[in-house]
Amino acid sequence: MSSTDTTSRRTAGVDDLVAQLTLEEKALLLEGVDSWRTNAIPRLGIPSLFLTDGPHGVRMVRDDGGAFGVGDNRPSTSFPTSATVAHSWDPDLARRMGAAIARESRDFGVHVLLAPGVNIMRNPLCGRNFEYYSEDPLVSGAFGTAFVQGVQGQGVATSVKHFAANSNEDYRFVGDSLVDERALREIYLRAFERIVRDARPATVMCAYNRLNGTFCSDHRELLTGILRNEWEFDGVVMTDWGAMHDRVASLEAGCELDMPGEVAHNRAAIIDAVRDGRLAPEVLDEAVRRMLRLIERATPDAASPAEPHDPVAHAALAREIAIDSGVLLANDGTLPLDAGAPAGSLVVVGELFEKMRFQGAGSSLILPPEVVTPKDAFDARGVDYAYARGYRTLTAERDPALAREAVDAARVAETVLFFGGLDDFEESEGFDRTHLRLGEPQVALLRELLDTGARVVLVLFAGAPVEVPFAEELAAVLDLALPGMHGGEAAAALLFGEANPSGKLTETWTRTATDASSGADYDRGVIARYAESIYVGYRYHDAAGTPLAYPFGHGLSYTGFAYRDLDVRVVGDRVEVGATIANTGGRAGAEVVQLYVGNNDGAVFKAEQELRAFAKVPVAAGAEERVTLSFELGDLAYWDVAAHDWVLEDGEYEIRVSASAADIRLRAPLTVDRGHTSRSPYPAAVDADYATPPVGIPASFPTLLGREVPEEDRSGRLTFETRLGDAGRSFIGRAVLGAVLGCVRKEFRAAQAMPDSAERDAKLKSTHFVVRMMPSMSLRSLAMSSGGAMPYGLAAGLAEIAEGHPLRGIRRIFGRRRAATADRPTT
Ligand code: BGC
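Only a predicted model underlies this, so the values are computations on that prediction, with no experimental measurement involved. (Residues numbered from 1 in each chain as written. Predicted model: local features only at pLDDT ≥ 70, side-chain atom pairs only at ≥ 80, totals over all residues. Heavy atoms only, no water.)

A. Examining the overall build of the protein more closely. For the protein, the helix and strand inventory stands at 24 helices and 30 strands. Its C-alpha atoms give the protein a radius of gyration of 27 Å, near enough to 28 Å, the size a compact globule of 827 residues would have. Structurally, the protein occupies a C-alpha span of about 80 × 70 × 60 Å along its principal axes. A buried classification covers 61% of the 827 residues belonging to the protein. (Helix = DSSP H or I, 4+ residues; strand = E, 2+ residues; numbered from the N terminus. Rg over C-alpha atoms; globule rule 2.2 N^0.38 Å. Buried < 20%, exposed > 50% of the residue type's maximum accessible area, 1.4 Å probe, protein only.)

B. Highlighting the domain arrangement of the protein. The domain architecture assigned to the protein consists of domain 1 (3–298), domain 2 (312–507), domain 3 (561–681) and domain 4 (724–822). Of note, the centres of domain 1 and domain 3, computed from C-alpha atoms alone, are 34 Å apart. Counting residues at the interface gives 14 residues for domain 1 and 17 residues for domain 3. Surface buried jointly by domain 1 and domain 3 totals about 1,400 Å² across both partners, of which 60% is contributed by carbon and sulfur atoms. Together, Trp89, Glu181 and Arg182 form the three largest contributors to the area buried by domain 1 at its contact with domain 3, with a combined 46%. At the junction of domain 1 with domain 3, the criterion picks out 5 residue pairs in polar contact (both at pLDDT 80 or more). For the side of domain 1 that touches domain 3, the elements supplying multiple residues, two or more each, are helix H5 (137–152), helix H6 (181–188) and helix H7 (190–199). Per element, the largest residue contribution to the side of domain 1 that touches domain 3 is 4 residues, and it comes from H6. (Domains from an automatic or database assignment. Contact = heavy atoms within 4.5 Å. Buried area = accessible area lost by both parts, 1.4 Å probe. Polar contact = N/O pair within 3.5 Å; in protein donor to acceptor, adjacent residues only side chain to side chain.)

C. A look at the site of the ligand. For the ligand, the set of nearby residues contains 14 residues, the closest of which are Asp53, Arg128, His162, Tyr208 and Asp240. A distance of 2.6 Å separates an oxygen atom of the ligand from a polar side-chain atom of aspartate 240. Within the side chain of glutamate 429, one N or O atom sits 3.3 Å away from an oxygen atom of the ligand. Here the ligand loses 94% of its free accessible area of 310 Å² to cover by the protein chains. For the shell around the ligand, the per-class residue count stands at 5 nonpolar, 2 polar and 7 charged. (Near = heavy atom within 4 Å. Areas by Shrake-Rupley, 256 points an atom, 1.4 Å probe, with all protein chains shown as cover. Nonpolar A, V, L, I, M, F, W, Y, C, P; charged D, E, K, R; others polar.)

D. Main features of the packing of aromatic side chains. Within the structure shown, the criterion is met by 26 aromatic pairs. For the ring pair phenylalanine 353 and tyrosine 387, a centre distance of 5.3 Å and an interplane angle of 45° mean the geometry is tilted. Taken together, the residues phenylalanine 353 in the loop between strand E14 (346–349) and helix H13 (374–380) and tyrosine 387 in strand E15 (residues 386–388) connect sequence positions 34 residues apart. Linked through ring pairs, Phe353, Phe378, Tyr385, Tyr387, Phe419, Phe461 and Phe496 together constitute an aromatic cluster. Lying across the ring of phenylalanine 605, arginine 182 places its NZ or CZ 4.6 Å from the centre. (Phe/Tyr/Trp six-rings, centres within 6.5 Å; stacked < 30°, edge-to-face > 60°. Lys NZ or Arg CZ within 6 Å of the ring centre and 35° of its normal.)

E. Spotlight on empty space enclosed by the protein. Enumeration over the complete set of coordinates arrives at 6 cavities of 30 Å³ or more. For the largest cavity, the calculated volume is near 120 Å³. (1 Å grid on protein atoms, 1.4 Å probe; cavity = no way out; pocket = protein on both sides within 12 Å on 5 of 7 lines; lining within 4 Å. Points joined across faces, edges and corners; volume = space filled by probe spheres on them.)

F. Looking closely at the sheet that holds E15. One open sheet accounts for 6 strands, arranged E13-E18-E17-E16-E14-E15; its pairing is mixed. With partners counted over all chains shown, the strands left at the sheet margins are strand E13 (327–331) and E15, one partner each. Taking the axes of each pair of neighbouring strands and ignoring which way they run, one obtains an average angle of 15° across the sheet. (Pairing = 2+ DSSP bridges. Axes fitted to C-alpha atoms, helices over the stretch in contact; angles between N-to-C directions.)

G. Local environment of helix H21 (residues 758–773). The terminal C-alpha atoms of H21, which comprises 16 residues, lie 23 Å apart, in line with the 22 Å expected from a rise of 1.5 Å per residue. Counting buried residues in H21 gives 12 out of 16 residues, a clear majority hidden from the surface. Taken together, the buried positions of H21 are occupied by Arg760, Asp761, Ala762, Leu764, Lys765, Ser766, Thr767, His768, Phe769, Val770, Val771 and Met773. The elements touched by buried residues of H21 are helix H20 (731–752). (Expected span 1.5 Å × (residues − 1).)

H. Quick peek at the side chain of threonine 158. Its location among the elements puts threonine 158 in strand E7 (residues 157–163). Assessed through its relative accessible area of 0%, threonine 158 is described here as buried. Only 2.8 Å separates the side chain of threonine 158 from the side chain of glutamine 152, close enough to count as a polar contact. In this structure, threonine 158 is in contact with Val112, Leu113, Ala115, Val148, Val151, Gln152, Pro201, Ala202 and Thr203, ignoring residues within four places of it in sequence.

I. Geometry of the packing of helix H12 (residues 311–325) against helix H16 (residues 487–495). One can describe the packing of H12 onto H16 by two numbers: an axis separation of 8 Å at closest approach and a directional angle of 45°. Compared by their axis directions, H12 and H16 come out oblique. Seen from above, H12 lies across H16 with right-handed handedness. Across from Arg319, Ala322 and Ile323 in H12, the residues of H16 making contact are Glu489, Ala490, Ala493 and Leu494. (Parallel < 35°, antiparallel > 145°, perpendicular 65-115°, else oblique. Left-handed = near helix turned anticlockwise from the far one by under 90°.)

J. Focus on the sheet that holds strand E24 (residues 589–598). With antiparallel pairing, the 4 strands of this open sheet are ordered in space as E25-E24-E29-E30. The outermost strands of the open sheet, each flanked by one partner alone, are strand E25 (609–619) and strand E30 (663–672). For this sheet the average axis-to-axis angle between neighbouring strands, irrespective of direction, equals 20°. Sheet analysis places strand E29 (residues 651–660) next to E30, joined by 9 bridges and oriented antiparallel. Residue pairing in the sheet places tyrosine 653 in a bridge with leucine 670 of E30.

What follows is the structure, encoded as structure tokens:
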């Protein structure tokens, strides 16, 4: 049978079902139930879909009783987080990791994996950067594409998230990301575009926030204009959990599935709107058709039952990825260490040595079947070391006795290995950091350890950049990021030179948070002005000349690499760049070769250079390899806001083959002569303000944006959309926040009371995440995400009362609720 026959038969089947579904059933089909499932329609044999997080393992919730269902999960392999995997610069690892997670998903009966997260790391303070790949869209797109292909290749659907411009956690539920059209296209949408075009994900998850004034769930230009019409996305758009804003507007915008669902008001809204003619039945039917096609695509047929997965192979893969992703940030030759060094010469300090932080907190939290800490890995190797805990995680208080013990041990040591980093109370989904510093107990202890005169090596576990204290005095710094459940093996293998570090950063490490490219307006309020426009990360720092801790693309090795023999050829529309990479040392290693293109000096403002290709090249000791990197000439185009299209400007560009954004090894000119002379589409004021990366918020930002920047309401009043934590002047605001916090704090305290175990840690992290996140929620987002616990009518009524309309409020609370509840069919 030809594929056309199959397609038309399927369409007929879908059309047939649409014809048989009642209006109520259609509304039901487009929302979730029980947090992780969609509604089945048993009468017509339509099954329910099972969706679960991602992205670093399968978070299969075992018991839904925990706060927001983050409590109790079935064990599954905990892989390194996305930000860690990206440090490998090897997208094939993301592909293999995706395939492994998909095999576990199928084993658990999961149909849709809620992953990958491909938002751009706009600012290092974002609490969720560990779940994203990079500040650069090419890296994010390459890893996201490979991950989706890996998962979907095993027959499990993916959900690429969070679409779009969700760059902070503190304001994610109500925030308005003001992004100019060009930055949106070149930076924030580009990874999504590549993944949709190249990997055809089954679903896309829209973000909580507003984008230029419109909530993403209602954003027609985003979801239909760009995603479907331009990029030809043919899957389903679902909301993030509780991101629905207006159910009818969202259907018209192209958002089909409302998750986690069970919002009676939303079902009633669909039904009422169709009945009274505000929503065309064809719009609803098209959404239902897409949903039915997803169900067909994502539910495996009985002929291909799930193969049981191989936990040992998956653990080995997690370990391999962690090793390939470790980044040696600095080294004076102290590393690698000698595993057989004389007794007493090596002292290990830091609780993270025995209680490794291997993943981030929030919706991606995995319960692994086992964890191999650095201590386990050292002991397995029979390494002779003394250990002092030095500090405790999950507390801001110093423990003087522990610190003293560590300093005393260091006095007689030659080398101190200090295991430091962030804990889950400092960095998590649900809230942002306010600075990049390590905890005070760690910083103070490091100072004292350095003062003993021992050589101090810092080993870091953190999901995002930190300020490295006393960097110039440290002998070496090894960043393992969040390396998954076998991260301890990676630490030992890299520290003792069994493996040669080959990871490089996919985000810039600035010296302080204020140095970040978006430092001028990050987490200042609901209105987020993306005033830096296209100058994100290295695109900013290269031209601004910011003194950095470690530049984008940086990472050392135990060997050295020389670059030579650059060769640039233009073949049709492709540019092919060859270079020879020679290993100049005595160890085998792998070099991440980065190809930046220096932009033309035309009339349109541009970043100094942009990453256009990369490759990780293994080279044996003393040997050399020829590498070829290539890109399309069209990749050099900028988004022209007058033409609303990509434009490739004529001019002189420069090919730069580099070891990092700041370490250019080979250069060659590239002339583009395709007939598009350079002409700025911007008013003169914008050109003047943006010729170089802006400092602060330029006066012409509203002109660049094409709209006025809205005034922010900082009155402390409560409205339906106010962050509860910002409604301090409203009694109702305080009461609602107090009530929800009361419940989740109780769970947090219960976790605190548990005996010390991995399970306790997981519970602590997940409940703390909810406690910290609650003040960021609004009455609407509570109603949309609570699975009916906070009915929409109650939330809307409370807002009316808080705004001084008590009668209207009471009517909302009692009237609508009854009508909407009555609409739920009993099947
Ligand atoms: C997160 C999503 C996640 C969902 C379900 C949300 O809070 O933003 O990334 O997939 O919860 O857990």
